[in-house]
Amino acid sequence: MAKAITTGIDTTGVSVKLINLAVSHRSDVMTDVLNAKAVILGCATLNNGMLPRMAGFLMYMRGLKPTNKIGAAFGSFGWSGEAVKLMNTAMEDMKFDILEPGLRVKYVPNHFDLQECVEMGKRIGQAVIAQTAE
Ligand SMILES: Cc1cc2nc3c(=O)[nH]c(=O)nc-3n(C[C@H](O)[C@H](O)[C@H](O)COP(=O)(O)O)c2cc1C
């Protein structure tokens, strides 16, 4: 899903960096977040919540109070799917401009789901361009 969203952003000409929290130090990720106009968070639902790595990162990010960001969330789930709502709530708390409710996909994304991800990426790229032009 992250790669498909990246593909959509690429089509708008907006530069995008795909970051895996499993292999990136939170301080390095924060540097990218602070430099970014938009932050798109992705996480599966685990035990009615976010994966601990995303929950921990958001706790860290909240403390550093990033400002003036566009935000969006996506994630796969099996039956309840709370992670996207929780990521949105965390971004709302940081006063991010949440453009859309977020993309939730049951288990493994199919071709249609991935096309939705590409379209979401395009919309976010266009929102970044519009904000930059203001
Ligand atoms: C231990 C465990 C707990 C899970 N808990 C939930 C849950 O509470 N709600 C839910 O919607 N999906 C739950 N899931 C399903 C995952 O969200 C789903 O497997 C994941 O989105 C699909 O990614 P994967 O292909 O990496 O497993 C759980 C999965 C595992 C393995």
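A quick note: this is a predicted structure, and the numbers were derived from the prediction, not measured. (Residues numbered from 1 in each chain as written. Predicted model: local features only at pLDDT ≥ 70, side-chain atom pairs only at ≥ 80, totals over all residues.)

Visitor: Help me understand the site of the ligand in this model?
Guide: Looking at the ligand, there are 13 residues lining it, with A44, T45, S76, F77 and G78 nearest. Going through the elements one at a time, β2 (45–46) and β4 (70–77) are the ones with two or more residues in the shell around the ligand. When the residues that make up the shell around the ligand are grouped by side-chain class, the tally is 6 nonpolar, 7 polar and no charged. (Near = placed C-beta within 6 Å. Helix = DSSP H or I, 4+ residues; strand = E, 2+ residues; numbered from the N terminus. Nonpolar A, V, L, I, M, F, W, Y, C, P; charged D, E, K, R; others polar.)

Visitor: Where do I start with helix α5 (residues 111–133) in this structure?
Guide: What sets the pattern is the α-helix's 3.6 residues per turn: residues three or four places apart point alike. With 23 residues, α5 should reach 33 Å at 1.5 Å per residue; the first-to-last C-alpha distance of 33 Å fits that figure. Taken as a whole, α5 has its buried residues at C117, M120, G121, I124, G125 and V128. In the core, the buried residues of α5 are packed alongside α1 (2–12), β1 (38–42), β4 and β6 (103–106). (Expected span 1.5 Å × (residues − 1). Buried ≥ 20, exposed ≤ 12 C-beta atoms within 10 Å, placed from the backbone. Contact = placed C-beta atoms within 7 Å.)

Visitor: Can you walk me through the packing of helix α2 (residues 26–35) against helix α3 (residues 52–64) in this structure?
Guide: Between two packed helices, what matters for the description is the angle formed by their axes and the separation of those axes. Axis separation between α2 and α3 bottoms out at 11 Å; the angle between their running directions is 50 degrees. Overall, the two elements α2 and α3 adopt an arrangement that is oblique. When the axes of α2 and α3 are compared, the crossing they make is right-handed. On α3, the residues that touch R26, V29, M30 and V33 of α2 are F57, Y60, M61 and L64. By residue class, the composition of the contact of α2 with α3 is 7 nonpolar, no polar and 1 charged. (Axes fitted to C-alpha atoms, helices over the stretch in contact; angles between N-to-C directions. Parallel < 35°, antiparallel > 145°, perpendicular 65-115°, else oblique. Left-handed = near helix turned anticlockwise from the far one by under 90°.)

These results come straight from atomic positions and should not be treated as a statement about function.
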